[in-house]
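# Geometric and topological summary
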Amino acid sequence: MGFPHAIHAREEAVLSRHFGDSNALSLDGWKQRGGYKALEMALGMEPAAIVNVLKESGLRGRGGAGFPTGLKWSFMKPGDGKPHYLCCNADESEPGTFKDREIMRWTPHALIEGCAIGSYAIGAETCFIYIRGEFSEPLRAVGNALGEAYDAGVLGANAMGTGKTVNIYIHKGAGAYICGEETALMNSIEGRRGNPRIKPPFPAVAGLFGQPTTINNVETLAAVPQILVNGAEWYKKFCLSNPKSTGTKLFSVCGNIAKPGNYEVVLGFPFKDFLYEMCGGPLPGRKFKAIVPGGASVPIQTPEEAEATLMDYEGFVAQGSMLGSGGVIVFDDSQCMVKLIGRFARFFAHESCAQCTQCREGTAWVTKILERIEAGGGTMQDLDTLLELSENMTGKTICVLSDSCAAPIVSGIKKFRHEFEAHITGKRCPLRSRSVA
Amino acid sequence: MTPPGGETGSVHSPAHAPHGAAGHSNEESYQPVLLGGVRDELNRILERYPTKMAALLPALWLVQDARGWVSEHSMAEVAQALELTPAYVKGVVTFYTMYHQHPVGRYFVQVCTTSPCMACGAEDTVAALLRHTGCGELGSTSPDGKFTVIEVECLGACGFATPIMINEEFVESVTPDKVSTILAQLR
């Protein structure tokens, strides 16, 4: 198990404070660090009061869409006589993203506490944590922590002695990126193929097993206890730019950069300082060429765009991309953009559930064309074909997987067109020929 | 690091063999899995869900943990236990990449090669793994039956490129020069 870096002076470690501290893994250790005070407090509150604190805090979903968490919870109507469900999305599979893995393997009780509070706030007695099958360490850490929490009476039919029922179970995935899409995730829990569902009905109306359901990301739920204990005002003050983006956010950093890892900053932090100061900048003798700031599904930024970005939901959009899941992928000047974009496309082609024609056919064809260009067999017309296919893959399917495949292709051709053309005119990868020589 | 149980250690068939070809010979005397303690575990799992169908993924995991793979006989057994049809179960099994539909080596090695890892040299790590295990090509099992190496899409550990998974164990930051040492610990 790799150890996280020491906290950088400009980080704001709310969620990551105990990363690397193996004493925080146990129930006792977690309680010594202030754990489960928020749950105790929550179980003594009216559910609507908890939802109001969340609304007031400004917390937005950390899985990618950025939907306000308090508002999402307010769609659930306690006392409607139906069973309610909370699903925690721990299917973290977005290339470039590995923050939820870190939360689960170092601070599993933070997630469990957030799940318990969320369940109570939305009137759910059952919560499923959907953890991707490959995450053996998080599965073990969360499984052990759940066992402890049940044994200590924190969870169960009489949670913390309050007479309230809070059950949390792990549902282990089995290798399917698409199950991170919330309706596919629910199908997977129900024992079905992970095909996304058509919306409406939205999950809050008819979700898991046809009942009102809320789905939240790991990082979102792990932040909830902190907000409850410290107050909405405290959380709201974590804001460096747009007031619609509050709180701290974990960014996973990978690729060609000096210090990859998970970094927690206040939203609105300057991306330039983040990349060069906190993460150490490029590798020796290299320059950044492209940055994918929010996981593989978002448009690619040039270094100039990245350096002008303030890291919040609005800031990334203003510089041609999206915050997404916070998975920052950095490529330097030793890398071939055509090859990398082709590999992203292959990822989406592999992970398409194949329900929608535009996605099933589109992801496969763009992959073939990109790989052909990379191998030196492309034509100029291929670039137009790629853009046309991308347009047909955007906004036309049940879920956004095919949109996600198109985003790096469209932004890649727009911002790195010369590299595509060099492959076509030179009939080979210019970088590869250099490295062979 | 423990190899999966069952008969998998003695089976040398490629992971990409045609459906059924690898499994049938040693499936003639199929021993049911969902008995005794495993059955008790399944019953405990069933209590969590309002439908039997919802226990399908966990039930398939129980089978794979016990036998190393999910054969058509196993699918039929699970189907019966959960009041589903074997065809339905097969439809679900084939959707998810982690259920093995054929026997694999004692050590099932998954290497991430998605773009972030590729940019950090994952292809060289794959080549080293294939060379040192004797697997020859991706998806094949080594002649001694010990290893199957496959390429996998994003393992969710991109900051620790290149991550590989050997059975249930993650190994981070694997470079070609570390491969022989890692494999030597398994032999």
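Each value, and the rule that gives it
- Residues numbered from 1 in each chain as written.
- Chains lettered and ligands numbered in written order.
- Predicted model: local features only at pLDDT ≥ 70, side-chain atom pairs only at ≥ 80, totals over all residues.
- Heavy atoms only, no water.
- Salt bridge = Lys/Arg side-chain N within 4 Å of Asp/Glu carboxyl O.
- Helix = DSSP H or I, 4+ residues; strand = E, 2+ residues; numbered from the N terminus.
- Buried < 20%, exposed > 50% of the residue type's maximum accessible area, 1.4 Å probe, protein only.
- Domains from an automatic or database assignment.
- Arc of directions from axis to C-beta.
- Pairing = 2+ DSSP bridges.
- Axes fitted to C-alpha atoms, helices over the stretch in contact; angles between N-to-C directions.
- Contact = heavy atoms within 4.5 Å.
- Buried area = accessible area lost by both parts, 1.4 Å probe.
- Polar contact = N/O pair within 3.5 Å; in protein donor to acceptor, adjacent residues only side chain to side chain.
- Nonpolar A, V, L, I, M, F, W, Y, C, P; charged D, E, K, R; others polar.
- 1 Å grid on protein atoms, 1.4 Å probe; cavity = no way out; pocket = protein on both sides within 12 Å on 5 of 7 lines; lining within 4 Å.
- Points joined across faces, edges and corners; volume = space filled by probe spheres on them.
- Patch = residues over 30% accessible without salt bridge, like charges linked within 9 Å, V, L, I, M, F, W, Y side chains within 5 Å.
- Areas by Shrake-Rupley, 256 points an atom, 1.4 Å probe, with all protein chains shown as cover.
- Phe/Tyr/Trp six-rings, centres within 6.5 Å; stacked < 30°, edge-to-face > 60°.
- Lys NZ or Arg CZ within 6 Å of the ring centre and 35° of its normal.

## Describing the pattern of salt bridges
Pairing is possible between side chains that carry opposite charge, provided their charged atoms lie close to one another. Scanning the model with the defined rule gives 32 salt bridges over all chains in all. A:E219 is the partner of A:K99 in a salt bridge, and the nearest nitrogen-oxygen pair spans 3.0 Å. In this pair, A:K99 is assigned in helix α5 (residues 99–106) and A:E219 in helix α9 (residues 218–230), connecting sequence segments 120 residues apart. With a relative accessible area of 1%, A:K99 lands in the buried category. A:E219 gets classed as buried once you look at its relative accessible area, which sits at 0%. A:D333 is the partner of A:R286 in a salt bridge, and the nearest nitrogen-oxygen pair spans 3.4 Å. In this pair, A:R286 is assigned in the loop between α11 (271–278) and β8 (288–292) and A:D333 in the loop between β10 (327–332) and α14 (337–351), connecting sequence segments 47 residues apart. Its relative accessible area of 38% is what places A:R286 among the partly exposed residues. Overlapping salt bridges bring together A:R101, A:E102, A:R105, A:E137 and B:E172 as one network.

## Notes on the domain arrangement of chain B
Along its sequence, chain B is organised into domain 1 (17–103) and domain 2 (107–184). Summarising the inter-unit geometry, the C-alpha centres of domain 1 of chain B and domain 2 of chain B are found 27 Å apart.

## Quick look at α11(A)
All names here are of chain A. Taken together, the buried positions of α11 are F271, F274, L275 and M278. For α11, the arc enclosing every buried residue in end-on projection is 120°, short of the 170-degree limit, so these residues lie on one face. Phi for G280, located one or two positions after α11, is positive at around 80°.

## Quick notes on the sheet that holds strand β2 (residues 124–131) of chain A
All names here are of chain A. A sheet is described by the order of its strands in space; here four strands give the open sequence β3-β2-β1-β4, paired in parallel fashion. Two strands bound the open sheet, and with one partner strand each, they are β3 (167–172) and β4 (213–217). Each strand of the sheet is rotated relative to its neighbour by a mean of 20°, with strand direction disregarded. Here helix α6 (residues 108–121) sits on the sheet in contact with β1 (84–90), β2 and β3, set at roughly 140° to β2.

## Overview of the interface of chain B and chain A
In many reports, interface size means the accessible area that the parts give up when they come together. Tallying the contact residues gives 42 residues for chain B and 57 residues for chain A. Of the roughly 3,900 Å² buried where chain B meets chain A, counting both sides, 58% is carbon and sulfur surface. A:R346 is the partner of B:E151 in a salt bridge, and the nearest nitrogen-oxygen pair spans 3.4 Å. Our count for the contact surface shared by chain B and chain A stands at 23 residue pairs in polar contact (both at pLDDT 80 or more). Listed by contribution, the elements that provide at least two residues to the side of chain B that touches chain A are α2 (56–67), α4 (86–93), α5 (115–118), β2 (147–152) and β4 (169–171) of chain B. Here the side of chain B that touches chain A is composed, by residue class, of 26 nonpolar, nine polar and seven charged.

## Quick notes on the layout of surface pockets
It is the rolling of a water-molecule-sized probe over the atoms that shows where space remains empty. All names here are of chain A. Estimated volume of the largest pocket: approximately 1,500 Å³. Those elements that place two or more of their residues in the lining of the largest pocket are α4 (69–74), α5, β4 and α17 (401–415). Of all the elements, α17 adds the most residues to the lining of the largest pocket, at six residues. Among the residues making up the lining of the largest pocket, the classes are represented as 18 nonpolar, 20 polar and eleven charged.

## Focus: the side chain of A:T107
All names here are of chain A. Summarising the element assignment, T107 is placed in the loop between α5 and α6. We classify T107 as buried; its relative accessible area is 1%. Contact partners of T107, with chain neighbours within four places excluded, come to H18, F19, W30 and E102.

## Quick notes on a nonpolar patch on the surface
A surface patch of nonpolar side chains, about 260 Å² in accessible area, is lined by A:F67, A:L71 and A:F75. Within the element layout of this structure, A:L71 appears in helix α4.

## Quick word on empty space enclosed by the protein
Residue and element names in this part refer to chain A. Counting across every chain of the model gives two cavities of 30 Å³ or more. Considering only enclosed or pocket space, the second largest cavity measures out at about 70 Å³ in volume. For the second largest cavity, the lining is made up of 13 residues, of which C353, C356, C359, C399 and L401 are closest to its centre. Taken together, the residues that form the lining of the second largest cavity break down as nine nonpolar, four polar and no charged.

## A short note on the packing of aromatic side chains
Applying the stated rule across the entire model yields 23 aromatic pairs over all chains. A connected cluster of aromatic rings, assembled from ring pairs, spans A:Y85, A:F128, A:Y169, A:F209 and B:Y49. If you follow A:R101 out to its NZ or CZ, it ends over the ring of B:F170, 4.7 Å from the centre.

## Thoughts on helix α8 (residues 182–189) of chain A
Most of α8(A) sits out of view: eight of its eight residues are buried. Within α8(A), the full set of buried residues consists of A:E182, A:T183, A:A184, A:L185, A:M186, A:N187, A:S188 and A:I189. At its buried positions, α8(A) is contacted by α4, β1, β2, β3 and β4 of chain A together with α2 of chain B. Residue A:G191 follows α8(A) closely and has a positive phi angle near 90°.

## Points about the sheet that holds strand β3 (residues 164–166) of chain B
Residues and elements named next belong to chain B. In spatial order, the strands read β2-β1-β3-β4; together these four strands make up an open sheet with mixed pairing. Each edge of the open sheet carries a strand with a single partner, namely β2 and β4. On average, each strand axis in the sheet is tilted by 20° relative to the strand beside it, whichever way the strands run. Of the strand pairs in this sheet, strand β1 (residues 107–112) and β2 are connected by six bridges, and their pairing is parallel. Bridge pairing in β2 links V109 to V149.

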